[in-house]
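# Close look at the chain arrangement
Read off the chains here:
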Amino acid sequence: MRLILEPSFFERPALAVGRDLLGKYIVRAEGGPARPDGRSGGREVALPITEVEVYDGPNDRASHAFRGQTARNKIMWGDAGRLYIYFVYGMHWLLNVVVGKKDYPAAILIRSAGGIVGPARLTAHLHITGEYTGLPATPATGVWFEDRGARVLRGRYKRTPRIGVAYAGAEWAKKPYRFVVV
């Protein structure tokens, strides 16, 4: 079973979407003309998601949304299911998906999938760059998410603090907003 995740999957509270993304697949189409079903006619790389971090709203001091809307983060205030790709350290692209209701800035960073550990390694492996920012996560754009029937049950994942967010202060740095398959 291959079910493409629709925007309604992402239009839910950020922590629920974060947990539910574990075991779903990030899919990247590489080349080839589109088929009648909307999928690429080229090669598809599909990786099961094993680690995510949630950035939930304008009060989340670790979120790009905390200091308000900018040209870089404005997509976070947009429609759920859109891609938010940003550049860090002058060398790495990171893949996020916008979640929640429109005008509530929340996104989920995809940290690891299919044995590729680390968000920068993952985007490099999938050849995802800033050109995807703002696009809907659909086969037509070449990057999307699928449910292939796998379920990651309680006890098969853990919640931990996010990585590298000490700048947000102890309260926000310690929030268990990271979900990891164990």
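The notes below deal with the structure included here.

What counts and how
- Residues numbered from 1 in each chain as written.
- Predicted model: local features only at pLDDT ≥ 70, side-chain atom pairs only at ≥ 80, totals over all residues.
- Heavy atoms only, no water.
- 1 Å grid on protein atoms, 1.4 Å probe; cavity = no way out; pocket = protein on both sides within 12 Å on 5 of 7 lines; lining within 4 Å.
- Points joined across faces, edges and corners; volume = space filled by probe spheres on them.
- Nonpolar A, V, L, I, M, F, W, Y, C, P; charged D, E, K, R; others polar.
- Core = buried A, V, L, I, M, F, W, Y, C linked by side-chain atoms within 4.5 Å.
- Buried < 20%, exposed > 50% of the residue type's maximum accessible area, 1.4 Å probe, protein only.
- Contact = heavy atoms within 4.5 Å.
- Salt bridge = Lys/Arg side-chain N within 4 Å of Asp/Glu carboxyl O.
- Helix = DSSP H or I, 4+ residues; strand = E, 2+ residues; numbered from the N terminus.
- Phe/Tyr/Trp six-rings, centres within 6.5 Å; stacked < 30°, edge-to-face > 60°.
- Arc of directions from axis to C-beta.
- Patch = residues over 30% accessible without salt bridge, like charges linked within 9 Å, V, L, I, M, F, W, Y side chains within 5 Å.
- Areas by Shrake-Rupley, 256 points an atom, 1.4 Å probe, with all protein chains shown as cover.

## Considering the layout of surface pockets
- Estimates place the volume of the largest pocket at around 460 Å³.
- Lining the largest pocket are 23 residues; nearest its centre among them are Tyr86, Val88, Tyr89, Leu94 and Leu109.
- Grouping the constituent residues of the lining of the largest pocket by class yields 15 nonpolar, five polar and three charged.

## Section: the nonpolar core
- Counting residues in hydrophobic clusters, the biggest one holds 51 residues, and the most contacted among them are Phe10, Leu21, Ile26, Ile108, Ile110 and Phe145.
- Ignoring anything within four residues of it in the chain, the contact list for Phe10 reads Leu5, Val17, Leu21, Ala80, Gly81, Val97, Val98, Val99, Gly100 and Phe145.

## Remarks on the pattern of salt bridges
- Under the defined criterion, the tally for this structure stands at 12 salt bridges.
- Glu30 serves as the salt-bridge partner of Arg43, at 2.9 Å between the closest nitrogen and oxygen. Taken together, the positions of Arg43 in strand β3 (residues 43–56) and Glu30 in strand β2 (residues 25–30) put the pair 13 residues apart, joining distant regions of the chain.
- Looking at Arg43, the relative accessible area reads 52%, which means it is exposed.
- By relative accessible area, which is 22% here, Glu30 ends up partly exposed.
- As a salt-bridge pair, Glu51 and Arg111 come within 2.9 Å of each other at their nearest N and O atoms. One end of the pair, Glu51, is in strand β3; the other, Arg111, is in strand β6 (residues 106–113), and 60 residues separate them in sequence. The pair formed by Glu51 and Arg111 is uniform in burial state, with each residue classed as buried.

## What to know about the packing of aromatic side chains
- Summed over the entire model, instances satisfying the criterion amount to six aromatic pairs.
- The interplanar angle of 45 degrees and the centroid separation of 4.5 Å between the aromatic rings of Phe87 and Trp93 together place this pair among those described as tilted.
- On the accessibility criterion, Phe87 (37% relative accessible area) is partly exposed.
- Ring pairing ties together the aromatic residues Phe9, Phe10 and Phe145, which thus form one cluster.

## Thoughts on helix α3 (residues 119–126)
- Every buried residue of α3 is accounted for by Pro119, Leu122, Thr123 and Leu126. Burial along α3 is one-sided: seen end-on, the buried residues are contained in an arc of 90 degrees. Among the exposed residues of α3, those oriented more than 90 degrees off its buried face are Arg121 and Ala124.
- Looking at the packing, one finds that the buried side of α3 touches β2, β3, β5 (92–98), β6 and β7 (116–117).

## Side note on a nonpolar patch on the surface
- Together, Phe87, Tyr89 and Met91 make up an exposed nonpolar region whose accessible area comes to about 400 Å².
- Within the secondary structure layout, Tyr89 lies in the loop between β4 (83–88) and β5.

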